[in-house]
Amino acid sequence: MAVLSLLRRRSTEPYKLKKKSNSSSPPPQQRTTCLPSLSILLFILSILFPFWYFSNLLLTHSLHLCISSRKLSSHNLYCIPDATPPLNTTMNIDTFIDPDEQERLNAIKDVQNLLQTIRSWASNTSFTNLKLCEGRTIYVYDLPPKFNKDITSQCNDMLPWMELCEFFSNEALGQSIHNLGKGWHDTHQYFLEPIFHNRVLNHPCRVHDQDSAKLFYVPFYGGLDVLRWHFKNVSTKMKDSLGVELLQWLGNQKSWQLNGGKDHMFVLGKISWDFKRSERQWGSNFLSLDRMQAPYKFLIEREPWRMNEIGIPHPTHFHPHSDEDIIEYQSKIINSQRKNLVSFAGAARPDAVENIRSVLIKQCLNGRVGDCKFHDCASGGCADPEKVLTLFVESEFCMQPPGDSPTRKSVFDSLVSGCIPVLFDPFTAYYQYPWHLPEDHRKYSVFVDQEEVRNGKVNVIEVLKKISLEERKEMRRYIVYELMPRLVYGDSSSQFVKFRDAFTVVMDNMISKVTSSSL
């Protein structure tokens, strides 16, 4: 199986073949003397091209395009499978692009096309009124507790360096952060599963009869199941056992048997790769199981080429209860004083050669006072959300390089804080969240190519200085008034009329999807 690296230059703009500059063409008299050689070359190509085409077609049937990940190590890449081979049958002598680069562009184009399809499922209807629930009902499985509640009871033993029990307080929102105001909590980044579960139990379209339901929600805490085995020396069979048992249980349910799980949805609070263990020992194989191919899966990081894997926001620390809570916070954040041009909260990754964090830290520290502020997350420096959020609220731009995987919770923390995220990899956000972030990423973010940063061609601070104050204000207004309400998860009893939060967006779209299509 051929493998290509995706560490080369990435662009988020439409991809086009580029013609060579005329400056590289020979002068007219030189082109005349080259015609015989050119004719011979074309003749040879006409003979070899059919052979190349069909052999390339066979070889690229299982071709993969890969992205590096620190978590998966340099020998375990996660890949874009079955990338479409370049079929440049109309290519002429003046047009050339490296085959590897063309394949990369084709693979990314496939990702973009999939995102367009998922975006088309979005609904403008908000199912928060009982009158709209007729024929659009949700059933929440009452699973045996070992698939959810019993996992949470192991909170004191999930991680070797800290106890997680306090994060399950306030229905998994965590302890209140009173200094930040109403609705702010110390929420753990991997606790989306119980947060979503507590919310869906109160959905107005929920029914208790399977036969009358259109959509089925499975409250399996698969991410927490993975987390509890991460740092323990247990067998892969043990890591996989609960997921296998869950699917056996579901397989005996009439509601599953009716459509093979196509009308079922799972919400998993970790990244897709944590559920697709290959030769590595990290994670489980839950999403690789045959029965898990049909349902819809919602994750904080999706596999970008899977139609029924949909990325949804990481849980942030703000959990409003009502429209008034959101409006009050919007007014506060839009008027905040941004005393830093740019900030970066993170830690260097000296063991990850390709990571640009060390370069960004150096650029930040070398800037003038007020240009950039660095908050070091090494040794738990970012464990206090109040300090990080205060930094973001005081900054115009927040640098968001990839971490262990392309996505980053901090992107959503910065957006909720009204800080314009600076992204370096399109897989961090642009190819992940089709229902929560707009296709035009220029409305809410700045993109800087990470390869240009890595090669020392770009100073990010200088790039950001060139963005006018009016442009910054316009982006911030869009973030605060248009985006922010859709990125936060309300508390379990929240009721919104004017706004749709992250949970409501997911449920509205899924209800419309399963009730408007034949399964």
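Here the structure is a predicted model, which means the values were calculated and not measured.

Quick one: what's the story with the overall build of the protein, residue by residue and with numbers?
What the protein contains, in helices and strands, is 17 helices and 14 strands. In the protein, which comprises 519 residues, the share counted as buried stands at 54%. Restricting to contacts in the protein with at least 6 residues of sequence separation, those with at least 24 account for 74%. With an accessible surface of roughly 24,200 Å², the protein has 52% of that area assigned to carbon and sulfur atoms.

Please give an account of the layout of surface pockets that cites residues and values.
Here the largest pocket defines a volume of roughly 1,600 Å³. Lining the largest pocket are 46 residues, and of these Gln189, Tyr190, Arg349, Cys382 and Asp404 sit closest to its centre. Among the residues forming the lining of the largest pocket, the class breakdown is 21 nonpolar, 13 polar and twelve charged.

I'd like a description of a nonpolar patch on the surface, backed by residues and values.
Taken together, Trp161, Met162 and Phe231 make up a surface patch of nonpolar side chains, about 330 Å² in accessible area. The topology assignment puts Trp161 in the loop between helix H4 (149-152) and helix H5 (169-172). Residue Trp161 is classed as exposed on the basis of its relative accessible area of 56%.

Residue-level account of the environment of Leu360, with values.
On the secondary structure map, Leu360 appears in helix H11 (residues 357-365). As for Leu360 and Phe374, which are separated by 14 residues in sequence, their C-alpha atoms are 9.5 Å apart. Not counting residues within four places of it along the chain, the set of residues in contact with Leu360 comprises Met399, Pro401, Phe424, Val453 and Val460.

An account of the sheet that holds strand S10 (residues 340-346) is requested, with residue identities and associated values reported.
Taken together, five strands build an open sheet; the order of strands is S11-S10-S12-S13-S14 and the sheet is parallel. Only two strands of the sheet have a single neighbouring strand rather than two, namely strand S11 (372-376) and strand S14 (446-447). Bridge count between S10 and strand S12 (residues 395-400): three bridges; the pairing is parallel. Following the sheet pairing, Ser343 is matched in S12 by Cys398. Here helix H12 (residues 385-393) sits on the sheet in contact with S10, S11 and S12, set at roughly 155° to S10.

Go over the packing of helix H6 (residues 192-200) against helix H17 (residues 502-516) with me, naming the residues and quoting the values.
Interhelical geometry of H6 versus H17 gives an angle of 65° and a closest axis separation of 11 Å. With respect to H17, the element H6 is oriented roughly perpendicular. In this structure, the crossing between H6 and H17 has a hand that is right-handed. The residues of H17 that touch H6, namely those facing Phe196, Arg199 and Val200, are Phe503, Thr504, Val506 and Met507. Of the residues belonging to the contact of H6 with H17, the class tally is five nonpolar, one polar and one charged.

Break down the pattern of salt bridges for me, with residues and values.
Oppositely charged side chains are able to pair whenever their charged atoms sit close together. Within this structure, the stated rule accounts for 25 salt bridges. Between Lys276 and Glu303 there is a salt bridge, and its shortest N-O distance comes to 2.1 Å. One end of the pair, Lys276, is in the loop between strand S7 (264-271) and strand S8 (296-301); the other, Glu303, is in the loop between S8 and strand S9 (309-311), with 27 residues separating them in the sequence. The two residues Lys276 and Glu303 agree in class, both being buried. Residues Asp404 and Arg349 are paired through a salt bridge, measuring 3.0 Å at the closest nitrogen-oxygen approach.

Mind laying out the pairing of S12, listing which residues take part and the relevant values?
Burial within S12 is extensive, with six of its six residues counted as buried. Sheet topology places S12 next to strand S13 (residues 420-423); four bridges connect them, and they run parallel. Paired with Cys398 across the two strands is Pro421, which belongs to S13.

So what's going on with unusual backbone geometry? Residues and values would help.
Not every positive phi belongs to a glycine, and Asn170 is a case in point at roughly 55°. With respect to the helices, strands and loops of the structure, Asn170 is situated in helix H5. When its relative accessible area of 39% is taken as the criterion, Asn170 is described as partly exposed. Here the phi dihedral of Glu171 falls at roughly 55°; this positive angle occurs in a residue that is not glycine. By secondary structure assignment, the location of Glu171 is in helix H5. On the accessibility criterion, Glu171 (45% relative accessible area) is partly exposed.

I'd like a description of the sheet that holds strand S4 (residues 138-140), backed by residues and values.
Pairing is parallel in the open sheet, where six strands are placed in the order S5-S4-S6-S7-S8-S9. Because the sheet does not close on itself, it has two edges, and the strands there are strand S5 (206-207) and S9. In the packing of H6 onto the sheet, contacts are made with S4, S5, strand S6 (215-218), S7 and S8, and the angle to S7 comes to roughly 150°.

Can you explain the confidence of the model for the protein? Please cite residues and give values.
For the protein, per-residue confidence averages 83 on the pLDDT scale, and residues scoring 70 or more make up 80% of the total. Contacts from residues 1-39, a stretch scored under 50 in pLDDT, to residues over four places away or in other chains number 63 contacts. Across residues 44-94, where pLDDT falls below 50, the model places 92 contacts with residues more than four positions away in sequence or in other chains.

About the criteria used
Residues numbered from 1 in each chain as written. Predicted model: local features only at pLDDT ≥ 70, side-chain atom pairs only at ≥ 80, totals over all residues. Heavy atoms only, no water. Helix = DSSP H or I, 4+ residues; strand = E, 2+ residues; numbered from the N terminus. Buried < 20%, exposed > 50% of the residue type's maximum accessible area, 1.4 Å probe, protein only. Contact = heavy atoms within 4.5 Å. Areas by Shrake-Rupley, 256 points an atom, 1.4 Å probe, with all protein chains shown as cover. 1 Å grid on protein atoms, 1.4 Å probe; cavity = no way out; pocket = protein on both sides within 12 Å on 5 of 7 lines; lining within 4 Å. Points joined across faces, edges and corners; volume = space filled by probe spheres on them. Nonpolar A, V, L, I, M, F, W, Y, C, P; charged D, E, K, R; others polar. Patch = residues over 30% accessible without salt bridge, like charges linked within 9 Å, V, L, I, M, F, W, Y side chains within 5 Å. Salt bridge = Lys/Arg side-chain N within 4 Å of Asp/Glu carboxyl O. Pairing = 2+ DSSP bridges. Axes fitted to C-alpha atoms, helices over the stretch in contact; angles between N-to-C directions. Parallel < 35°, antiparallel > 145°, perpendicular 65-115°, else oblique. Left-handed = near helix turned anticlockwise from the far one by under 90°. pLDDT = per-residue confidence, 0-100.

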